Amino acid sequence: MTFLSLRARSVLATLGKMAVSLIILLTALWGALALWYQLSGGTAAQGIGALLWVALGVASIALWWMRGDMRVLLPYAAGFILLLVWWSFITPKQERVWADDVARNVTGTVKGNLVTLDNVRNFDWRSDDDYTVKWEQRSYDLDELRTVDTALSYWTGPYIAHTLISFGFADGRFLTFSIEIRKEKGESFSAIGGFFKHFEMSLIAADERDILRVRTNARGEDMHLYRVMMPKTAMRSLFLAYLDEAQSLKAKPQFYNTLTANCTTIVFEMVRRIVPGLPLDYRLMASGYLDRYLFDVQGLVPGLSFQQLRDGGHVTARARAANDDADFSHTIRRGMPGYDEAGYPKLQMPKQ
């Protein structure tokens, strides 16, 4: 065996060792975060558990490099298997002390064209922590569906937005659906926590004066609203898909996941069942660019540039000015692409 071949084997062995060490470090990080977000016993127990797990991973790597014996990795491997078993037993729950705004999930029944929804949220928000709780029962005639709008509410820069879908009816009412984390009292959103079974999922149906206004007026978010061009049959199917999702959550709670089960990906999967062939795209993850995706697949009002649609649907200032307006929904739509100067739809969609 030549010197060069020996050297090549040594280099490959070192690279392999480095690769395995990296895998251990990554699993140690994952395990530490899993323990931090899921270990019971409070912050102290979570912190100690996370630190001990990281220490085990780092110590295992150090011993392996010093001794050159892979058997020193066996305790870490056994611990990681036990961690995965524990993780598999963590399941979502229906009963917790929920925050007021997600205390109830919408449910509904369908009889012919008439949909009756229970637990429609219609809070009166004075600030993010000062509000009047109000849950209502409402009925809607699916034959009277006229519009579907997508609202993108930006709360952390241009890359990420919360996606809401709003249905407009011939009687002038609007109903908005929103997939959200189901916070417990005192909790706040954590994107990292959303990867680690930290939040159950909530499906909220709400009056626009509640669910849009709280974001623009109480939480200081920036909102763009777009008319989505869908045939009436597709609008109806999407509305009913939300009811199916509500029924599924009622039967079996689910975890929210920052990447795979969030306010945008779940809606996309519902729409994709109605409109087959919609392409996957990075903008479904970077939800702040979802409007550009909708424009590219020709889902928005035709005949206008993307910038015209974006500028025309920038409703933040209108929403703040319409804070006390009982006709909030039409006020924020005045002159918006697809709506007239009174905020009523200009373009009627075909049934098919």
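To keep things clear, this report deals only with the structure shown in the data block. Computed from a predicted structure; not experimentally measured.

A closer look at the packing of aromatic side chains
Then, number 1: If you walk through the whole model with that rule in mind, you get 26 aromatic pairs.
Then, number 2: With a centroid separation of 5.0 Å and 75 degrees between ring planes, the pair formed by F167 and F239 is classed as edge-to-face. Within this pair, whereas F167 is found in strand β7 (residues 161-169), its partner F239 is found in helix α6 (residues 232-251), the two being separated by 72 residues in sequence.
Then, number 3: Using a relative accessible area of 0% as the deciding quantity, one classes F167 as buried.
Then, number 4: Note on F239: relative accessible area 0%, which makes it buried.
Then, number 5: Ring centres of F167 and Y242 lie 6.2 Å apart, and the angle between their planes is 90 degrees; this geometry places the pair in the edge-to-face category. One end of the pair, F167, is in strand β7; the other, Y242, is in helix α6, and 75 residues separate them in sequence.

Points about empty space enclosed by the protein
Then, number 1: Under the definition given, this model contains two cavities of 30 Å³ or more.
Then, number 2: Roughly 40 Å³ of internal volume is contained in the largest cavity.
Then, number 3: Counting residues per element, the lining of the largest cavity draws most heavily on strand β10 (residues 222-228), which supplies three residues.
Then, number 4: For the lining of the largest cavity, the residue count by class is seven nonpolar, no polar and one charged.
Then, number 5: What the second largest cavity holds in volume is close to 30 Å³.
Then, number 6: Lining the second largest cavity are D101, R121, E180, I211, V214, R215 and R219.
Then, number 7: Its residues assigned to classes, the lining of the second largest cavity comprises two nonpolar, no polar and five charged.

A closer look at helix α7 (residues 265-274)
Residues three or four positions apart in an α-helix share a direction because the helix packs 3.6 residues into each turn.
Then, number 1: Here α7 has its buried residues at T265, I266, V267, F268, M270 and V271.
Then, number 2: Elements in contact with the buried residues of α7: β7, β8 (174-182), β9 (200-207), α6 and α8 (290-296).

Some remarks on the layout of surface pockets
Then, number 1: Taken as a whole, the largest pocket spans an internal volume of roughly 750 Å³.
Then, number 2: I181, K183, F189, R215 and R219 are the residues nearest the centre of the largest pocket, which is lined by 34 residues in total.
Then, number 3: When residues of the lining of the largest pocket are traced back to their parent elements, those giving at least two are β7 and β8.
Then, number 4: For the lining of the largest pocket, the element with the most residues is β8, which contributes three residues.
Then, number 5: Of the residues contributing to the lining of the largest pocket, the split by class is 15 nonpolar, seven polar and twelve charged.
Then, number 6: Reported here for the second largest pocket is a volume of approximately 370 Å³.
Then, number 7: Forming the walls of the second largest pocket are 23 residues, and the residues nearest its centre are V228, M230, V271, L278 and L294.
Then, number 8: Mapped by element, the contributors of at least two residues to the lining of the second largest pocket are β6 (145-154), β7, α6, α7 and α8.

The rules behind these values
- Residues numbered from 1 in each chain as written.
- Predicted model: local features only at pLDDT ≥ 70, side-chain atom pairs only at ≥ 80, totals over all residues.
- Heavy atoms only, no water.
- Phe/Tyr/Trp six-rings, centres within 6.5 Å; stacked < 30°, edge-to-face > 60°.
- Helix = DSSP H or I, 4+ residues; strand = E, 2+ residues; numbered from the N terminus.
- Buried < 20%, exposed > 50% of the residue type's maximum accessible area, 1.4 Å probe, protein only.
- 1 Å grid on protein atoms, 1.4 Å probe; cavity = no way out; pocket = protein on both sides within 12 Å on 5 of 7 lines; lining within 4 Å.
- Points joined across faces, edges and corners; volume = space filled by probe spheres on them.
- Nonpolar A, V, L, I, M, F, W, Y, C, P; charged D, E, K, R; others polar.
- Contact = heavy atoms within 4.5 Å.

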